[in-house]
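Now for the letters of each chain:
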Amino acid sequence: MICAGGNVKSKEAGLAVPDWPQTYGLPDPWVIAALAALVVASGTWIFFAYKRRVSLFYGGLILAAGAAILFTYVTKSPPNWILIENLRAEHGHRLLAGGLGVFLLALVIGVLKFESNVVIRRLAVAAFVGFLLQAALGGLTVIIFLKASVYHAMLAQIEFGLLVALTYLLVSPPATAPASRLFMATTGAVYVQILLGALVRHYEAAMAIPGFPLPLLPEAWSAGEIFQLIHRIGAVAVAVLVVAAFAQARKSDDRKLLKPAAAMLVMVVIQILLGASIVWTGAEREYNYIPTAHVAVGSLIVACSLVLALQSKRASTAVPAAA
Amino acid sequence: MRILSILAVMAFLISTMGVGQDSAAPAVKTEKEGGSITGKVALAADKAPKRKKVKTDADPVCQDQYKDEPLLSDEVVTKEVGGELRLQWVAVYLKEVKGSFEAPKDPVTIDQKGCRYEPHVVMLMVNQPLKIKNSDPTMHNIHAMPAINKEFNFGQAKAGMEETKTFDQVEEGFKIKCDVHPWMLAWAFVLPHPFGAVTNEDGTFEIKNVPAGEYDLVFWHEKFGKQEMKVKVEDGKAATADAKFEGK
C-alpha cells in the first residue's frame, strides 16, 4: 500500500478518479467488497464459534473476500482503467486498500477471538481503526482536491508501523523489559524524517534546493525550502543514529539484533542515494519511480528500526548462559 | 429671441440625454459602436524554439493517435511570419473597462480532442457558460484550479459527453488540467467584460467594439510572463498594439 500510494503521488494521479466513495459514479469496489466480507465473516464466525477451526475460518474469509473483490473489479470498475496509467495507479490503489481492509477485518476478528494478550489486542484494534481513518482521509483528500494528502501520507506510515509491530508481536510474544534507548531514538528519528519527507513531497519541494550535495542552503526561504533543508539535516541525523545503532547491535553479539541493524544500515545508504537521485534527475515525471522507491525504502527503514527496538526488549530479558 | 429659445430648448435636450446612464461608463449600446484593437505578438529569439514532444504512452488510446507524429506541447508555439517569430496562445485583454457588461448566453467551448485541450487558452466572461466536451474515445477528467473561483474536478468517461460550468468571479490565468493525462493543460481567463482575445497561429489578434478611450492592454503568456501597454481607441477606428516577448 505504501508503494501504491507513493506511486499515486509520484504520477500526480491523486485526482484521476474525481469522486469518492464512488468511482466515476459507480459504487466503489472496496465498499462492496468490505460489505460482502462482513456478511460472510459474521456467518462463518457463528458456524465455527463452537468448533474453533482457525484455519478454516481464515481461509473461508479470505476466499470470500477475494471472490467479492474479483466480482466487483470485473463488473464495477471503469472501463479500460487498467490500461490507463494514472487510473491504474489511483483506482488500483483503492482496490488494494479494499483488499487490505478486508484482511485487517479478518485479522482483528481473529485476534479478538483467539488472542488473550492485551497489548496485541489493542494493537490490532488500533490498526483497524487506523485503517478506517486512513480510508476516510483518502476520501477527504479527493473531495477537497488533495488538501489533506500530506496527512494521508503521514498516517500511512504510522499505520505501517502499527502493522509491523503487530506482526512482530504475533510471531514473538511481547517482552516486558525496556527497549534500548538508542534503538527507540533511532525509530523516533526515522519517523520524524519520514514525516518531513511527506511535507517535502506534498509541498512540491523536491527541487527546492536545486542540487546535491551542494548547494547547502536554499535560495529562498518559503515553507517548501525550509522543509527540504530540515529533511537533509534529518538525513544526516538518522544516518548517525543508524550507524550508532549498528555499532551497538554488533557489540551485543546478538544475531537477532545484528540482522535488522545491518539491514537498516544498508537501507539508509540506498535511501540517501535515492534522495540524491531525485535531485539529480530534476524530479522529472519520467523518473517518477525514484520518489516512489524513496518512500518505500523509508518505510523499510521504519520496519527495521521498529523490529530492532522490539527485539532489544527481548535481548535485555535473555538469560545469559551459565559460566 | 426665437433663435435664443430654440437654442435653449436644444441645450436642455442635450443636457438631459445623459440622465439614467452611468456617466463614467462609455457603455457600448450596439454592435456597431466603438473602435477595435488589432495587433501581433512576437517572440524575440534567434530561432524558433522547438516544441517539446509529449509522451502519450500513459494511455493506449492517446498513444495510438500519435503513433506516426508525436504530440507536441502547446506551451510555446511560434510561426515565422514576415521575418519575425510570432507567438500563439497569448491572452490579450483590457485591464479595466468602466461599466457593466452582460455575459453572453452562448457558451465558450473547450474540447478534449487528440488528448489535448482545444483551445489551449480560453477566455470568457463572468457567468458566461463554459461548455466542456470530450471528443476522445477515452476517459478524461477536467480539473479546473482557480484560486478565486470554485475549484472543480469531474470525469467524462466517454466520447460525446458534455458538461457546462460557469465562473462567478473575475480571475486571470488559472489552469485547467486532466489528472488522467498529466500532459494535458489549458489556461482560462474570466473577465468582467468582453474585450479580450487570444493570438492565433499567426500571432495576431483583434478585439472589436471597444468603447472609445485610453486603456491598459495586457499581454500574457504562460512561459514568458505578462506585459502591459497603453492604447487609445477611437470610435470607428482600429488601434494597433504590437507586443514582443523576450525568449528565455
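The structure under discussion appears in the preceding block.
Residues numbered from 1 in each chain as written. Chains lettered and ligands numbered in written order. Predicted model: local features only at pLDDT ≥ 70, side-chain atom pairs only at ≥ 80, totals over all residues. Heavy atoms only, no water.

> Can you tell me about the side chain of Glu 225 of chain A, naming the residues and giving the values?
Residue and element names in this part refer to chain A. Inspection of the secondary structure assignment puts Glu 225 in helix α8 (residues 223-252). This buried residue, Glu 225, is left without a salt bridge; Arg 232 holds the nearest opposite charge, at 11 Å. Ignoring sequence-local partners within four residues, the contact set of Glu 225 consists of Ala 208, Pro 218 and Ala 220. (Helix = DSSP H or I, 4+ residues; strand = E, 2+ residues; numbered from the N terminus. Buried < 20%, exposed > 50% of the residue type's maximum accessible area, 1.4 Å probe, protein only. Lys, Arg positive; Asp, Glu negative; His and termini not counted. Salt bridge = Lys/Arg side-chain N within 4 Å of Asp/Glu carboxyl O. Contact = heavy atoms within 4.5 Å.)

> How would you summarise the interface of chain B and chain A if you had to cite specific residues and measurements?
The partner chain A presents 16 residues to the 17 residues of chain B that form the contact. When chain B packs against chain A, close to 1,400 Å² is buried across both sides, 65% of that on carbon and sulfur atoms. Connecting chain B to chain A are one salt bridge. The salt bridge involving Glu 151 of chain B is made with Lys 147 of chain A; its shortest N-O contact spans 3.3 Å. (Buried area = accessible area lost by both parts, 1.4 Å probe.)

> Which residues make up the pattern of salt bridges, and what are the values?
With the rule as written, the count across this model stands at 22 salt bridges over all chains. A salt bridge links Glu 90 of chain A to Arg 94 of chain A, with the nearest nitrogen and oxygen atoms 2.9 Å apart. One end of the pair is Glu 90 of chain A and the other is Arg 94 of chain A, both in helix α4 (residues 85-114) and four residues apart, which spans about a single turn. Side by side, Glu 90 of chain A and Arg 94 of chain A carry an identical accessibility label, which is buried. Linked through salt bridges whose partners overlap, the residues forming this network are Lys 40, Glu 84, Arg 86 and Asp 242 of chain B.

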